[in-house]
Amino acid sequence: MKKLRILLPCVALGVCLQAAQLPVNLGSASNFTILGASTVTSTGPTVVNGNVGVSPGSAVTGFPPATVVGGALHVADGPAATAQGDLTAAYIDAAGRTVPTIMAGDLGGLTLTPGLYKSTSTLGITGVLTLNGQGNSNSVFIFQVGSALTTATSSQVVLSGGAQAANIFWQVGSSATLGTYSIFNGTIMAQASVTIATG
């Protein structure tokens with residue numbers, strides 16, 4: 001069952017136009033696939049493509065059997081510390097953007113165009129959420145989530161119209177949980193934790 005509260009009538013039709021957003025500058029954090037503040041944990045034979053870092057904490061568990069390819073493991077070192085500072089600045093930037101489209105509930109089944117979207121509580125994705133760049137590969141999507149972001153099993157964030165994962169930002173006030181076999185696009189910046197289930 002889809003629960004959705006919309007304050008702009010255009011979203012009720014499944015498509016909404018907004019003023020263009022500038023991308024969130026991730027700085028050196030963009031060099032990391034996973035970046036934690038206190039702990040990074042893998043519970044199986046995960047393969048991470050790119051750098052994995054943790055700072056100021058130093059807890060890394062599950063590596064091996066998890067492996068890092070095309071990058072390195074940075075534990076409380078200079079690159080991880082610098083990236084954490086850049087990530088904090090990016091999180092504050094994304095959280096401070098104004099004049100969003102207000103949303104709540106489940107985004108599954110919607111097609112959204114570039115812009116700024118905000119939920120003061122939780123957001124979920126069940127089924128398919130389509131992000132349509134409208135033919136512009138530089139289009140930017142920013143989602144401000146007041147508390148938790150949760151995707152259901154086998155849910156999908158699908159890109160169309162030239163939308164690029166590098167220009168999609170999810171600023172999450174607490175935790176993000178990606179369900180089993182879900183397909184997700186974008187950068188998650190979560191205040192508390194990010195959990196990625198099997199597949």
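Preceding this paragraph is the structure being described.
What this report covers is the structure whose coordinates are included nearby.

Calculation criteria
- Residues numbered from 1 in each chain as written.
- Predicted model: local features only at pLDDT ≥ 70, side-chain atom pairs only at ≥ 80, totals over all residues.
- Heavy atoms only, no water.
- Helix = DSSP H or I, 4+ residues; strand = E, 2+ residues; numbered from the N terminus.
- Rg over C-alpha atoms; globule rule 2.2 N^0.38 Å.
- Buried < 20%, exposed > 50% of the residue type's maximum accessible area, 1.4 Å probe, protein only.
- Contact = heavy atoms within 4.5 Å.
- Areas by Shrake-Rupley, 256 points an atom, 1.4 Å probe, with all protein chains shown as cover.
- Lys, Arg positive; Asp, Glu negative; His and termini not counted.
- Charge placed at Lys NZ, Arg CZ, Asp CG, Glu CD.
- Phe/Tyr/Trp six-rings, centres within 6.5 Å; stacked < 30°, edge-to-face > 60°.
- Pairing = 2+ DSSP bridges.
- Salt bridge = Lys/Arg side-chain N within 4 Å of Asp/Glu carboxyl O.
- Expected span 1.5 Å × (residues − 1).
- Arc of directions from axis to C-beta.
- Polar contact = N/O pair within 3.5 Å; in protein donor to acceptor, adjacent residues only side chain to side chain.

Quick look at the overall build of the protein chain now. The number of helices and strands found in the protein chain is two helices and 20 strands. The C-alpha atoms of the protein chain give 17 Å as radius of gyration, which agrees with the globular expectation for 199 residues (16 Å, within 12%). For the protein chain, the spread of C-alpha atoms along the three principal axes comes to 50 × 30 × 30 Å. Taking all 199 residues of the protein chain together, 40% fall into the buried category. Across the protein chain, contacts joining residues at least 24 apart in sequence account for 54% of those joining residues at least 6 apart. For the protein chain, the computed accessible surface area is about 9400 Å², with 57% contributed by carbon and sulfur atoms. Taking the average location of the 5 positive side-chain charges in the protein chain and that of its 4 negative ones, the two points are 20 Å from each other.

Before going further, it helps to spend a moment on the packing of aromatic side chains. One pass over the structure, following the stated rule, counts three aromatic pairs. Their ring planes at 20° and their centres at 5.4 Å tell us that Tyr-117 and Phe-143 sit as a pair that is stacked. In this pair, Tyr-117 is assigned in strand 11 (residues 115-119) and Phe-143 in strand 14 (residues 141-145), connecting sequence segments 26 residues apart. As far as the burial class goes, Tyr-117 and Phe-143 line up, both buried. Judged by centre distance (4.0 Å) and plane angle (10°), the rings of Phe-143 and Trp-170 are stacked. Taken together, the residues Phe-143 in strand 14 and Trp-170 in strand 17 (residues 168-172) connect sequence positions 27 residues apart. Judged on exposure class, the residue Phe-143 and its partner Trp-170 are both buried. Members of the aromatic cluster, joined through ring pairs, are Tyr-117, Phe-143, Trp-170 and Phe-184.

Moving on, we get to the sheet that holds strand 16 (residues 156-160). What the three strands build is an open sheet, ordered 10-13-16; its pairing is parallel. The sheet is open, and its two borders are formed by strand 10 (111-112) and strand 16, each paired with just one other strand. Bridge analysis of strand 10 against strand 13 (residues 128-132) gives two bridges, and the strand direction is parallel. The partner of Thr-111 across the bridge, within strand 13, is Thr-130.

For the rest of this paragraph, the subject is the pattern of salt bridges. For the coordinates displayed, the defined rule picks out one salt bridge. Between Asp-93 and Arg-97 there is a salt bridge; the shortest N-O distance is 2.8 Å. You can call Arg-97 buried: its relative accessible area is 16%.

Moving on, we come to helix 2 (residues 78-96). Taking 1.5 Å per residue, 19 residues should reach 27 Å; helix 2 reaches 27 Å between its end C-alpha atoms and fits that length. Residues Ala-80, Ala-83, Gln-84, Leu-87, Ala-90, Tyr-91 and Ala-94 constitute the buried set of helix 2. Taken down its axis, helix 2 places every buried residue within 130° of arc, on the same side. On its buried face, helix 2 sits against strand 1 (32-36), strand 4 (51-54), strand 7 (73-75), strand 14, strand 17 and strand 19 (187-190). The backbone nitrogen of Ala-80 has a side-chain oxygen 3.0 Å away, supplied by the residue at the start of helix 2, namely Asp-77.

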